[in-house]
Amino acid sequence: MDQDTAKYIVNYFSNLLTPEERLAIRHTHSVIKLDLDSGQVNNPKAINVYKKAGWLSEDQDILILLQDGYDSFELTVAERILLQNPEVVFLNKCPNCSKLARTPFAKQCRFCAHNWH
């Protein structure tokens, strides 16, 4: 599975995520927003607010999910979702070039501009 397909599955079939996976995604978005990957502590007050709100996690189970990076996490989650729910996940592929459309409801290919309205 490629990264685009994994991102598509995680974004458009997020109702199939486990609570731990949702927390891991929330944690990753918060890390990016606070720019914590840079290694500098820019705003300790903001970090404390995020932790109290549950946007940053200190739970080891959540952090273990993310230990190999977000892309690896996303691939793992997408593969699990496909394995457990193959009848629910719909990969909207272009009938002309067979590439993945932007959304499950798209009717025009972003790659070849084919229109199947």
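Rules behind the numbers
- Residues numbered from 1 in each chain as written.
- Predicted model: local features only at pLDDT ≥ 70, side-chain atom pairs only at ≥ 80, totals over all residues.
- Heavy atoms only, no water.
- Phe/Tyr/Trp six-rings, centres within 6.5 Å; stacked < 30°, edge-to-face > 60°.
- Buried < 20%, exposed > 50% of the residue type's maximum accessible area, 1.4 Å probe, protein only.
- Lys NZ or Arg CZ within 6 Å of the ring centre and 35° of its normal.
- Disulfide = S-S within 2.5 Å.
- Helix = DSSP H or I, 4+ residues; strand = E, 2+ residues; numbered from the N terminus.
- Contact = heavy atoms within 4.5 Å.
- Salt bridge = Lys/Arg side-chain N within 4 Å of Asp/Glu carboxyl O.
- pLDDT = per-residue confidence, 0-100.
- Axes fitted to C-alpha atoms, helices over the stretch in contact; angles between N-to-C directions.
- Parallel < 35°, antiparallel > 145°, perpendicular 65-115°, else oblique.
- Left-handed = near helix turned anticlockwise from the far one by under 90°.
- Nonpolar A, V, L, I, M, F, W, Y, C, P; charged D, E, K, R; others polar.

(A) Structural view of the packing of aromatic side chains. Here the structure, examined in full by the defined rule, presents three aromatic pairs. Ring plane angle 55 degrees and centroid distance 6.4 Å describe the contact between Tyr-8 and Phe-13, whose orientation is recorded as tilted. By relative accessible area, Tyr-8 is classed as buried at 4%. Through a chain of ring-to-ring contacts, three or more aromatic side chains come together here, namely Tyr-8, Tyr-12 and Phe-13. Sitting over the face of the ring of Trp-55, Arg-26 holds its NZ or CZ atom 4.8 Å from the ring centroid. Cation over ring: Lys-99 sits above Phe-111, and NZ or CZ is 4.9 Å from the ring centre.

(B) Representation of the state of the cysteines in the model. Here the structure, examined in full by the defined rule, presents zero disulfides. For the unlinked cysteine Cys-109, the closest cysteine sulfur is that of Cys-97, found at 3.6 Å. In this structure Cys-109 comes out as buried when scored by relative accessible area, which is 4%. In this structure Cys-112 is not part of a disulfide, and its nearest cysteine sulfur, from Cys-94, lies 3.7 Å away.

(C) A look at helix α1 (residues 3-12). Along α1, the positions that sit buried rather than exposed are Thr-5, Ala-6, Tyr-8, Ile-9 and Val-10. Summarising the contacts, the buried residues of α1 are in contact with α2 (19-34) and α5 (70-84).

(D) Region of interest: the pattern of salt bridges. Applying the stated criterion across every chain, the model contains three salt bridges. One salt bridge connects Glu-74 with Lys-7, and the closest N-O pair in it is separated by 3.5 Å. With Glu-74 in helix α5 and Lys-7 in helix α1, this pair connects stretches of sequence that are 67 residues apart. Judged by its relative accessible area of 1%, Glu-74 is buried. Measuring nitrogen to oxygen at the nearest pair gives 2.7 Å for the salt bridge that ties Glu-21 to Arg-80. On the criterion of sequence distance, the pair formed by Glu-21 in helix α2 and Arg-80 in helix α5 is long-range, its members being 59 residues apart. Accessibility classification places Glu-21 together with Arg-80 in one group, the buried group.

(E) Examining the confidence of the model for the protein chain more closely. In the predicted model, the protein chain carries a mean pLDDT of 93, and 96% of its residues have values of at least 70. The weakest mean pLDDT in the protein chain belongs to helix α3 (residues 44-53) at 90; the strongest belongs to α5 at 97.

(F) Spotlight on the packing of α2 against α5. With their axes 12 Å apart at the nearest point, α2 and α5 run at an angle of 155 degrees to one another. Taken as axis vectors, α2 and α5 run roughly antiparallel relative to one another. Seen along the crossing, α2 lies across α5 with a hand that is left-handed. In this structure, α2 uses Glu-21, Ala-24, Ile-25 and Thr-28 to contact α5, whose residues at the interface are Tyr-70, Phe-73, Val-77 and Arg-80. Residues of the contact of α2 with α5, tallied by class, amount to five nonpolar, one polar and two charged.

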